[in-house]
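A look at the structure
One letter stands for each residue in the lines below.
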There are 2 protein chains.
Amino acid sequence: MANTRSATNMTAIADALGVSAATVSNALSGKGRVSPELAEKIRAKAEEMGYVPSQTARALRTGRSGVFGLVLPDIANPLFPRIAQAIEHAAATAGYGVLIADSRGDSAAQTLAIQRLLERDVDGIVIVPRFGTRITDLGCPVSVIDSPSTPGNTVSADHWQGGQLIADHLLSLGHRHFAFVGHTPLSNVQGDRIGGMKSRLPKDARFETMWIDRIEAERGRGCPLGVKDLVARGITAFAATNDLHALRVLTELQQAGVKVPEDVSVTGFDDLVWSSVVTPGLTTVKQDMAAIADIAVGALIDVIEAGPQDAPVAENASGTAPKRAVAVGRADRVAMSLVERQTTGPAAGPAGGPARAQANNFPGDDAGAHSTSSLTQPLRRNEP
Amino acid sequence: MANTRSATNMTAIADALGVSAATVSNALSGKGRVSPELAEKIRAKAEEMGYVPSQTARALRTGRSGVFGLVLPDIANPLFPRIAQAIEHAAATAGYGVLIADSRGDSAAQTLAIQRLLERDVDGIVIVPRFGTRITDLGCPVSVIDSPSTPGNTVSADHWQGGQLIADHLLSLGHRHFAFVGHTPLSNVQGDRIGGMKSRLPKDARFETMWIDRIEAERGRGCPLGVKDLVARGITAFAATNDLHALRVLTELQQAGVKVPEDVSVTGFDDLVWSSVVTPGLTTVKQDMAAIADIAVGALIDVIEAGPQDAPVAENASGTAPKRAVAVGRADRVAMSLVERQTTGPAAGPAGGPARAQANNFPGDDAGAHSTSSLTQPLRRNEP
DNA sequence: CTAAGGTGATTAAACGATTAATCACCCTCT
DNA sequence: AGAGGGTGATTAATCGTTTAATCACCTTAG
């Protein structure tokens, strides 16, 4: 704004029309009392002069910057583009800008990143927290996107239900021997996803869980996961907690000469960019980022528009809920949807693939979000 | 800031110490004339009261918001995380915040996105332009990150040199029959990358170029690229213009039973997240995003600190360079570096693999950035 | 002894919008 | 006709910081 910003401010418009600046403000905001004719004249003049209101001045006066902060554990995370895009879109639609902050590194970096945002007077913060960090009261509205099982979570995909989708899909194809591939058990998201999958398994199903951080701690970064051994042990389906791990498994299998999906099936999570371009296309489960972003941003806006409930913590009659400036009470979980591609197929091999395993390709079973209840009802009986 | 912002402003500090607000300002900024003792007392008090300067007020007064805008053609682009992370880091280091704007969709969306940033009074904009859009004078400093062959480009990776790195590497392995895989010829970046590769080819080399947009226009999105046919025609190396296409080629080859790197080699560009986790690991070429971001942000800061050179366009004695508020004159290109992994190996097959092709695994030839000149000197002779 | 110069602080005017308070004026009702 | 009410505008304060201008005071030189 400094240099070339056209010096068209309210005063300039006011002078040009011989009215006061306040009248211009009222006319443009439609708030005060201005005659319709004059208001129209002012709007026209503003348009003509290319007037652009100064968000800065407005922010100073109103105490609202019109900007949200977005804090991510690691901007380089492949899911980030989706989140950022969705949040930016939701925020822009509501008239807000989005300031990004990267909290890569330790949780101290996260605190610092938040601090920087607060100094910039953001009106609210959307945060995808790091593992094991608890978001404390920031003194400004906060939306937390993580997992329904994270305390203080505001909204997130229903990872558990997504896991169920995957499990139901694989079960319906006749699979009974699974390998779940995650990165670290410290992540609530991964925990939920695997938990959801496990929750669907019938009594006759078996599974193993592989944690990549453990494996790499032993064998080094980027080491082979040894998937062929697992296949030899009878596993017919690898269900990873995200597409990156699924891709790793998929290519390692292909390299080892294991046919996908003929010999084994592979699934991922998140429907990242490459999922649709690899061969065979990766069956995965997708988050409705737009919906999540709308809720996260909506929660922020609700709190902001509710106005400053200055009363610090006292005056709390009911005494139950500590009055924090956090957007609570909306622990929404957004349903995930199955994206069925080519890495999943009927279970093969001697592992006793039942006849019904052949009956895949159920009509109407490949169209995005859907409940798979009809397929899994017989299995649910055996749930613990 | 609205609600819970601690009401600790300069006046509060001034009152607490019985001095004027101006003195507090001077003491904290070290600009005016304040006695050392008082200055120290003020700093201590500010610390004690948890004073945080209002960027908003400062912005209004100084005309500098301390925020840059970052415009990206499509936030969902897999390279975006790297760019955003690097820019955010460079900006934060220089004391600036980063406001994101997504210009997905057409170039009108890009204009709108830029408009939104300008309304928020950004001090400068870093933009990765869409294909074929020309960044006009925005009335604020702009850094363009695209390709050295794009007019108005400020800084970017040296895609041409990156291409040379790949070509030299493959040539040294004995490859002579190439397939270049790009998305669209409209992209300067992709054009440069392929151009660089071609520039290294000796007379006895042959190549074909595949444009994915063309292929998909015919056969539909996500269609097979038909790489096996190309292999049958004698191609031993697929060099893609980015890792996503490389991954597509790689998995299609694996699925078709073609061995990588034994039968054919595959290379990508950008060293995206998955390049290191797939099997075999993808040989690629990497951008030094940190350096690029530093230059892009540095150019912005240079222009800003040069102060408002108000003189519109007149007063331009030499008359050559139109005085735009654009950060020109730094058409830097940042060298790329080869990341050698397992998708590349000696050329095999009847296509006349020369003896020297077997002589791969040169000692010291697998360590990130390096010039491959010693390997390619004999070939350079034959350049056009 | 007084003018000049230096030092360390204060005053006050911005920046550009919002908004409560005020004012001038006209109309209507009793 | 005077009180009361509505309308359409203006005035002026305010948000928190920066900064040019000013001021009071002290020192030193002529």
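Fair warning: this is a prediction, and the values are worked out from it, not measured in the lab.

1. With respect to the protein's contact with DNA strand D
Near DNA strand D there are 24 residues, and of these A:Thr23, A:Ser35, B:Met10, B:Tyr51 and B:Arg61 occur at the shortest range. Here, DNA strand D places atoms within 4 Å of the protein, and 60% of those atoms are sugar or phosphate. Between a phosphate oxygen of DNA strand D and a side-chain N or O atom of A:Thr23, the distance comes to 2.2 Å. Side-chain polar atom of A:Arg33 to a base oxygen of DNA strand D: 2.7 Å apart, as the coordinates give it.

2. Considerations on the relation of the copies chain B and chain A
Between the two copies, chain B and chain A, the superposition gives an RMSD of 0.1 Å; the rotation angle is 180° and the shift along the axis is 0.1 Å. What we have between these two chains is a two-fold relation. For chain B, the minimum C-alpha distance to the rotation axis belongs to B:Leu99 and amounts to 2.1 Å.

3. Notes on the side chain of B:Arg120
Relative to the elements of secondary structure, B:Arg120 occurs in the loop between helix 6 (107-119) and strand 3 (124-127). Residues within four places of B:Arg120 in sequence aside, it is in contact with A:Gln55, A:Ser65, A:Gly66, A:Val67, A:Gly95, A:Tyr96, A:Gly97 and B:Leu99.

4. Notes on the environment of A:Phe80
Its location among the elements puts A:Phe80 in helix 5 (residues 80-93). Sequence separation between A:Phe80 and A:Val128 is 48 residues; the distance between their C-alpha atoms is 9.9 Å.

5. Side note on helix 3 (residues 36-48) of chain A
Residues and elements named next belong to chain A. Across its 13 residues, helix 3 extends 18 Å between first and last C-alpha, which sits within 8% of the 18 Å expected from 1.5 Å per residue. All buried positions along helix 3 are accounted for by Ala39, Ile42 and Ala46. Across the axial projection of helix 3, the buried residues extend over an arc of 65°, all falling on one side. Seen from the buried face of helix 3, the exposed residues on the opposite side, beyond 90 degrees, are Pro36, Glu37, Lys41, Glu47 and Glu48. Considering only its buried residues, helix 3 is in contact with helix 1 (10-17) and helix 2 (21-29). Where helix 3 terminates, the next one or two residues include Gly50, which has phi positive at roughly 65°.

6. With respect to the protein's contact with DNA strand C
Neighbouring DNA strand C are 24 residues; A:Met10, A:Arg61, B:Thr23, B:Arg33 and B:Ser35 lie closest to it. The share of sugar and phosphate among atoms of DNA strand C within 4 Å of the protein is 58%. A distance of 2.9 Å separates a phosphate oxygen of DNA strand C from a polar side-chain atom of A:Ser25. B:Ser35 is positioned such that a nitrogen or oxygen atom in its backbone is 2.3 Å from a phosphate oxygen of DNA strand C. Elements represented by at least two residues in the surface near DNA strand C include exactly helix 2 and helix 4 (55-62) of chain A together with helix 2 (21-29) and helix 4 (55-62) of chain B. Of all the elements, helix 4 of chain A adds the most residues to the surface near DNA strand C, at four residues. Residues belonging to the surface near DNA strand C are distributed by class as follows: 10 nonpolar, nine polar and five charged.

Conventions we followed
Residues numbered from 1 in each chain as written. Chains lettered and ligands numbered in written order. Predicted model: local features only at pLDDT ≥ 70, side-chain atom pairs only at ≥ 80, totals over all residues. Heavy atoms only, no water. Near = heavy atom within 4 Å. Polar contact = N/O pair within 3.5 Å; in protein donor to acceptor, adjacent residues only side chain to side chain. Least-squares fit on C-alpha atoms with pLDDT ≥ 70 in both. Helix = DSSP H or I, 4+ residues; strand = E, 2+ residues; numbered from the N terminus. Contact = heavy atoms within 4.5 Å. Expected span 1.5 Å × (residues − 1). Buried < 20%, exposed > 50% of the residue type's maximum accessible area, 1.4 Å probe, protein only. Arc of directions from axis to C-beta. Nonpolar A, V, L, I, M, F, W, Y, C, P; charged D, E, K, R; others polar.

Everything listed is a geometric property; what it means functionally is a separate question.
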